[in-house]
Amino acid sequence: MSETVKIILEGKEIELPVILGSEGEKAIDINKLRDLTGYITLDIGYKNTGATTSKITFLDGEEGILRHRGYSIEELADKCSFLEVSYLLLHGELPTEAQLKDFEDKISEHTLVNEGLEAMFKAFPTGSHPMGQLSSMISALSLFYPKSLNPHRDEDAINRTVIRLLAKMPTICAMIYKKRHGHPIVFPRNNMDYVTNYLNMTFGQVTEPDYTPDPVIVSAMNKLLILHADHEQNCSASTVRMVGSSQSNLYSSISAGINALWGPLHGGANQEVLEMLEQIKEDGGDVEKWINKAKDKNDSFRLMGFGHRVYKNFDPRAKIIKKACDDVLEKLGVSDPILEIAKKLEETALNDPYFVERKLFPNVDFYSGIIYRALGFPTDFFTVLFALGRLPGWISQWQEMRREKQPIARPRQIYTGEAPRPFVAMKDR
Ligand code: CMC
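Since this is a predicted model, take the numbers as computed values, not measurements.

Student: Account for the site of the ligand, with residues named and values stated.
Tutor: Taken together, 22 residues lie around the ligand, and His-266, Arg-302, Leu-303, Gly-305 and Arg-309 are the ones closest in. Residue Arg-358 places a side-chain N or O atom 3.0 Å away from an oxygen atom belonging to the ligand. Between Asn-363 and the ligand, the recorded distance is 2.9 Å, taken from a side-chain N or O atom to an oxygen atom. Its free accessible area being 930 Å², the ligand has 78% of it covered by the protein chains. Among the residues making up the shell around the ligand, the classes are represented as 10 nonpolar, six polar and six charged.

Next comes the structure, spelled out in structure tokens:
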């Protein structure tokens, strides 16, 4: 017999079902709680609330485990291409050689962006934040493909939108980079693999048709994209699901996810980490001083790239990125004083009771910026790279929500404002 819990409210006992996940995770199903008792649960920031069941990603924050569709992130990052992992997230299984080729070919057919979209893009002010440009461009895609907006259309139409998004995202990200440098746009090259094509559109020049990115850079970029590909019900994925739950189209749901990612407590942390490390360096490199600032409750400064809502152990992605960071800097012969500050900061924090007691460890964003910088990306572009990696995860979350016909996401609240009172005329206020 399945497990239940009993709750006694105002002397009345009710029994609620317990839901068991495939990894032993437990939840109390409160779907009927309000109907049965008139009570709701209050959980600001959703610290204890499961918003959905999901078959995509498993995360054990206490043990530092991350798996997609059952496969460990360590193996995926080591053995797969980014598109292979994207296929896995979207379809639930690793692709065969033929399936992967078909997936790659379809993506290659849709890499160009409409000239009208490009004209709109050109009107964005120079110097505007890359994340604002990215979310606007993804939202604007919906204007160019009106027929594929309805999430109730057949699977083929939805699949075309999925392919279009995966295909156009690297082109758009590269356009944003080129605009920042005042360089002409490099068109996609469909004979290149996904990551090489993206790097070519970013760092290649129209005048250099034979440019090929360094394999070390291609491999690091591939790994970084995989490490960001999905992370279950985080702020941006939940945003994508929430927006999508109103049956809004996939482009606008993804655009909303990009905006959620932009914030410094989420994906925007990678930009903040590098700015913080620069600041510490310019201030003389006194790591202890900055650790003390982070611990001081009267100081708003936080150690960016540290701490996580779910991980109370090492973020497994941070471990892989730290190693990749060492490899990339060594292979490219880059010596970055910022890396030394980062390592000292990590060591000091990990031995400080404040961070130990609160289980604050480096997260995915702590070292990624150092690699991005070594690869030649400007600081305010880092979160765009996070978004490029996260795209297949967001789409998979949206698809799962849609296929399961989940209801519109609409939380309740406990009202704590004024009781009813008589209107006060203007002259009496
Ligand atoms: N520096 C100093 N103190 C911290 C930090 C930090 N980075 N993170 C958490 N704390 C303290 C916090 O002050 C609180 O202390 P106390 O219990 O004394 O009040 C305690 O640790 C718990 O923190 P919280 O803010 O209640 O935890 P949360 O789950 O609401 O927030 C977080 C998680 C990631 C927003 C937070 O750790 C943070 O602000 N970190 C820095 C920003 C960052 O690196 N974000 C990237 C997250 S990973 C990428 C992604 O997937 O988004």
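Having put the structure on the table, let's press on.
Student: Pulling in residues and values, what's your account of the environment of Thr-126?
Tutor: Within the element layout of this structure, Thr-126 appears in the loop between α5 (115–122) and α6 (130–144). Considering only alpha carbons, one finds Thr-126 and Val-364, 238 residues apart in sequence, at a separation of 30 Å.

Student: Tell me about the pattern of salt bridges, and please be specific about residues and values.
Tutor: Here the idea is simple: oppositely charged side chains can pair when their charged atoms come close. For the coordinates displayed, the defined rule picks out 19 salt bridges. The salt bridge partner of Lys-101 is Asp-105, with a shortest N-O separation of 2.7 Å. Within this pair, Lys-101 and its partner Asp-105 are both found in helix α4 (residues 97–108), separated by four residues, close to a single helical turn. A relative accessible area of 47% means that Lys-101 is categorised as partly exposed. Relative accessible area serves as the criterion here: at 34%, Asp-105 is assigned to the partly exposed category. Across the pair Asp-327 and Lys-323 runs a salt bridge, and its minimum N-O distance is 3.0 Å.

Student: Give me the lowdown on the domain arrangement of the protein, citing residues and values where you can.
Tutor: The domain boundaries assigned to the protein delineate domain 1 (4–50) and domain 2 (59–410). Between the C-alpha centres of domain 1 and domain 2 there is a distance of 34 Å. Contact with domain 1, which involves five residues of that partner, is made by four residues of domain 2. Taking both sides of the interface into account, the surface hidden between domain 1 and domain 2 amounts to around 270 Å²; carbon and sulfur atoms contribute 27%. We note a salt bridge from Arg-67 to Glu-23, for which the minimum N-O separation is 2.8 Å. Applying the counting criterion to the domain 1 and domain 2 interface returns two residue pairs in polar contact (both at pLDDT 80 or more). Residues that form the side of domain 1 that touches domain 2 fall into these classes: one nonpolar, one polar and three charged.

Student: Go over the sheet that holds strand β6 (residues 71–72) with me, naming the residues and quoting the values.
Tutor: Across the sheet, which stays open at both edges, the three strands sit in the order β4-β5-β6 with antiparallel pairing between neighbours. Of all the strands in the sheet, the pair left with one neighbour each is β4 (57–60) and β6. Pairing analysis gives four bridges linking β4 to strand β5 (residues 65–68), with the strands arranged antiparallel. Paired with Thr-57 across the bridge in β5 is His-68.

Student: I'd love a proper account of helix α7 (residues 155–181), names of residues and values included.
Tutor: Taking 1.5 Å per residue, 27 residues should reach 39 Å; α7 reaches 40 Å between its end C-alpha atoms and fits that length. Extensive coverage of α7 is indicated by the burial of 21 of its 27 residues.

What counts and what doesn't
- Residues numbered from 1 in each chain as written.
- Predicted model: local features only at pLDDT ≥ 70, side-chain atom pairs only at ≥ 80, totals over all residues.
- Heavy atoms only, no water.
- Near = heavy atom within 4 Å.
- Polar contact = N/O pair within 3.5 Å; in protein donor to acceptor, adjacent residues only side chain to side chain.
- Areas by Shrake-Rupley, 256 points an atom, 1.4 Å probe, with all protein chains shown as cover.
- Nonpolar A, V, L, I, M, F, W, Y, C, P; charged D, E, K, R; others polar.
- Helix = DSSP H or I, 4+ residues; strand = E, 2+ residues; numbered from the N terminus.
- Salt bridge = Lys/Arg side-chain N within 4 Å of Asp/Glu carboxyl O.
- Buried < 20%, exposed > 50% of the residue type's maximum accessible area, 1.4 Å probe, protein only.
- Domains from an automatic or database assignment.
- Contact = heavy atoms within 4.5 Å.
- Buried area = accessible area lost by both parts, 1.4 Å probe.
- Pairing = 2+ DSSP bridges.
- Expected span 1.5 Å × (residues − 1).

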